[in-house]
Amino acid sequence: MNEEFLPFARPSISRAAIDEVVACLESGWITTGPRVQKFEEALKSYLGAPHVLSLSSATAGLHIALVALDLKPGDEVITTPMTFAATLNTIVLAGATPVLVDVEPHTYNMDVAQIDRRINARTRAIMPVHFAGLPVDLDPLYRLAEKHGLRVIEDAAHAIGTEYKGRRIGAFGDTQVFSFHPNKNITTGEGGAITTRDEKYAARLALLRFHGMDREAWNRFGKTGSQHYEIVEPGYKYNMMDIQAALGLHQLPELDGFIQRRTALAERYQRLLADWPQWSLPRAPSYAHRHAWHLYTPLINPDAAGCDRDGFMQAMKERNIGTGLHYRAVHLYPYYRARFGFKPGDYPASESIGNRIVSLPLFPTMTEAEQDRVVTAMRDIFGMRR
Ligand SMILES: *Cc1c(COP(=O)(O)O)cnc(C)c1O
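Here we summarise the structure given alongside this text. (Residues numbered from 1 in each chain as written. Predicted model: local features only at pLDDT ≥ 70, side-chain atom pairs only at ≥ 80, totals over all residues. Heavy atoms only, no water.)

### Examining the pairing of strand β3 (residues 97-100)
Operational definition: Strands qualify as paired when DSSP identifies two bridges or more between them. Every helix listed is a DSSP run of H or I at least four residues long, and every strand listed is a run of E at least two residues long, numbered separately from the N terminus. When the strands point away from the viewer and the path from the first strand over the helix to the second turns clockwise, the crossover is right-handed.
Examined bridge by bridge, strand β2 (residues 76-79) and β3 share 4 bridges and lie parallel to one another. Residue pairing in the sheet places E76 in a bridge with T97 of β3. Handedness of the β-α-β unit built from β2, helix α4 (residues 85-93) and β3 comes out right-handed.

This is how it looks when you write it as structure tokens:
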């Protein structure tokens, strides 16, 4: 085994981005400041969003988006079990109850047709997740939200650059939360951003982001700022640093190129693995969209494969190839079972996906030769003839 380890994800950081981080470190201003302001402006113009707040993470964004709804015990937020734990965790942290809707078997996105029957007098918000960068069917979802007066907080952690019917996620609708974690489509190390079209809500989010201060620190210590601030309510410490924004400023202009490369590789996987009985491949919905291909996630068919998902991941590791697990169905984690009484069988599509899903290597600098290595390793594991 003399081939280098092939990870399932790897960030692409340009020399210019590294130089910008160094320049930031040498500038004397390393926390929230001019580079964060510039990055927020760049996000506004890329996303077409009137209000953009950069953050320390997407988890922070989901949290304050929910806290700003002033949820009371018993209030309900509708989301999907086929997501990262942060989606549900933040609902609980904001004091509400997660109510789950199962996913479509081939897109892994929330089945919008099942939302209506979960809405009742306690429902306050819907949190769809654009799985892997494939947009949820937002038109019927927003029609429902409007009819029932519900907020929509889109977990767009996978979906920067995603488009739904020709419109970019972040450019329309209610509120969106993006992640810049190193595995996501662009990175600031850790980081995130929230977009909204509601000016009052954006002002509240700005308070919650930074201690509940009515003026942010970088202004205060500058030449033009006053030394005074007021605390309007207790807030969190969820601001992004200039060191992070320095990366983001150089990542964002590369995003569309990253997505093009991810798309080419994902489509090549779809062609190379078509008709393999060992896999069920993800399928596109019929509405117009641009997939951001944050992840490439087929489902293993253990009977045909001769191993289950965990066995497959282990066998790939033995061949020096990394894979990822995004995600096991969140309702089956011990906390969620104990606290809300969720049990196996509650959300069968999510459970089946959660037991069989695997993220194959996919990142912008991945070569076709590396992708062929992945396919060859699979043939070997499944005992297929070359
Ligand atoms: C990554 C991710 C998050 C959290 O993002 P962080 O920036 O790491 O906090 C939330 N939801 C989903 C679906 C994610 O994939």
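### Observations concerning the nonpolar core
Inside soluble globular proteins, nonpolar side chains tend to come together where they are buried. Stated precisely, the cut-off is as follows: The definition of a nonpolar core used throughout is a set of buried Ala, Val, Leu, Ile, Met, Phe, Trp, Tyr and Cys residues joined through side-chain atoms within 4.5 Å. Here the term buried applies to any residue with accessible area under 20% of the maximum for its type, exposed to any over 50%, and partly exposed to those in between, with areas from a 1.4 Å probe on protein chains only. Every residue pair with non-hydrogen atoms within 4.5 Å of one another is taken to be in contact.
Judged by nonpolar contacts, the single largest core of 42 residues is most densely connected at L43, I115, I160 and F180. Those elements that place two or more of their residues in this core are α2 (34-47), α5 (138-148), α8 (242-251) and α9 (255-273). Here L43 is in contact with G48, V52, I160, F180, A193 and L252, once residues within four sequence places are set aside. The next biggest cluster of nonpolar side chains, apart from the first, holds 29 residues, and it includes L265, W279, M366 and A377.

### Section: the packing of helix α3 (residues 58-67) against helix α6 (residues 199-209)
Short version of the rule: Angular values range over 0 to 180 degrees, each being the angle between N-to-C directions of two axes fitted as lines to C-alpha atoms, with helices fitted over their stretch in contact. Working rule for angles: under 35 degrees goes down as roughly parallel, over 145 as roughly antiparallel, 65 to 115 as roughly perpendicular, anything else as oblique. Take the far helix as your reference; a near helix turned counterclockwise from it by less than a right angle gives a left-handed crossing, and one turned clockwise gives a right-handed crossing.
At a minimum axis distance of 9 Å, the contact between α3 and α6 shows a crossing angle of 120 degrees. In terms of their interaxial angle, α3 and α6 are classed as oblique. Judged by the twist between their axes, the crossing of α3 over α6 is right-handed. Contact residues: α3 offers I64, A65 and V67, while α6 offers Y201, R204, L205, L208 and R209.

### Focus: the site of the ligand
Cut-off, in case you're wondering: One heavy atom within 4 Å of a molecule or strand makes the whole residue count as near it. The term polar contact refers here to a pair of N or O atoms within 3.5 Å; inside protein, the definition further demands a hydrogen-donor-capable atom paired with an acceptor-capable atom, and it admits residues adjacent in sequence only when both atoms are side-chain atoms. The Shrake-Rupley method, run with a 1.4 Å probe, gives the accessible areas here. Residue values count only the displayed protein chains as cover. Any residue that is not Ala, Val, Leu, Ile, Met, Phe, Trp, Tyr, Cys, Pro, Asp, Glu, Lys or Arg is counted as polar, Gly included; the first ten are nonpolar and the last four charged.
In the vicinity of the ligand there are 15 residues, among which T59, D155, H158, S179 and K184 approach most closely. One nitrogen or oxygen atom from the side chain of H158 is found 2.6 Å from an oxygen atom belonging to the ligand. Take Y327: an N or O atom from its side chain is 2.8 Å from an oxygen atom of the ligand. Calculation on the ligand without its partners gives an accessible area of 380 Å², and the protein chains cover 93% of this total. Considering only residue class, the shell around the ligand consists of 5 nonpolar, 8 polar and 2 charged.

### Quick look at the side chain of Q244
Summarising the element assignment, Q244 is placed in helix α8. Engagement of the side chain of Q244 in a polar contact is seen with the backbone oxygen of E190, the distance being 2.6 Å. Ignoring sequence-local partners within four residues, the contact set of Q244 consists of S56, T188, E190 and G191.

### With respect to the side chain of R268
Residue position: R268 is located in helix α9. Sequence-distant contacts of R268, defined by excluding residues within four places in its chain, comprise E368, Q371 and D372.

### Considering a nonpolar patch on the surface
Worth spelling out the cut-off: A patch consists of residues whose relative accessible area exceeds 30% and which take part in no salt bridge; residues with like charges are grouped when within 9 Å of each other, and nonpolar side chains (Val, Leu, Ile, Met, Phe, Trp, Tyr) when within 5 Å. The rule for a salt bridge is simple: a side-chain nitrogen of Lys or Arg has to be within 4 Å of a carboxyl oxygen of Asp or Glu.
On the surface, I13, I18 and V22 cluster together to form a nonpolar patch covering roughly 190 Å² of accessible area. For I13, the position within the fold is in the segment before α1 (15-27).

### Quick word on the packing of α1 against α8
Interaxial distance between α1 and α8 falls to 8 Å at its minimum, and their mutual angle equals 155 degrees. With respect to each other, α1 and α8 are oriented roughly antiparallel. When the axes of α1 and α8 are compared, the crossing they make is right-handed. Touching A16, A17, E20, V21, C24 and L25 of α1 are D242, I243, A246, L247, L249 and H250, all from α8. Within the contact of α1 with α8, the residues separate by chemical class into 9 nonpolar, 1 polar and 2 charged.

### Here we look at the packing of aromatic side chains
Remark: the centre distance and the inter-plane angle together describe each pair of aromatic rings, the angle taken between the planes. We apply this condition: Here the aromatic set is Phe, Tyr and Trp, taking the six-membered ring for Trp, and pairing holds for ring centres within 6.5 Å; pairs whose planes are under 30 degrees apart are stacked, those over 60 apart are edge-to-face, and all others are tilted.
Applying the stated criterion across every chain yields a total of 18 aromatic pairs. Aromatic pair W279 and F312: ring centres 5.1 Å apart, planes at 85 degrees, arrangement edge-to-face. Taken together, the residues span a long stretch of sequence, with W279 in strand β10 (residues 279-280) and F312 in helix α11 (residues 309-318) at a distance of 33 residues. A residue is classified by how much of its surface remains accessible, and F312, at 0% relative accessible area, is buried. Residues W293 and Y296 carry aromatic rings whose centres are separated by 5.9 Å and whose planes lie at 40 degrees to one another, so their mutual orientation is tilted. With respect to class, W293 is no different from Y296; both count as buried. Pairwise contacts between aromatic rings join Y335, Y336, F340, F342 and Y347 into one cluster.

### Topic: the pattern of salt bridges
One pass over the structure, following the stated rule, counts 19 salt bridges. A salt bridge links R35 to E20, with the nearest nitrogen and oxygen atoms 2.8 Å apart. Taken together, the residues R35 in helix α2 and E20 in helix α1 connect sequence positions 15 residues apart. Note that D256 and R290 form a salt bridge whose closest N and O atoms lie 2.9 Å from each other. Here the residue D256 occupies a position in helix α9, and R290 occupies one in strand β11 (residues 289-290), the gap between them amounting to 34 residues. Here the residues in one salt-bridge network are D70, R204 and E233, joined through shared partners.

### Concerning unusual backbone geometry
The peptide bond linking H326 to Y327 adopts the cis configuration, its omega dihedral lying at 5 degrees. Located in the positive-phi region is A132, a residue other than glycine, with phi close to 65 degrees. You can see A132 is positioned in the loop between β4 (123-126) and α5. Residue classification places A132 among the buried positions, given a relative accessible area of 4%.

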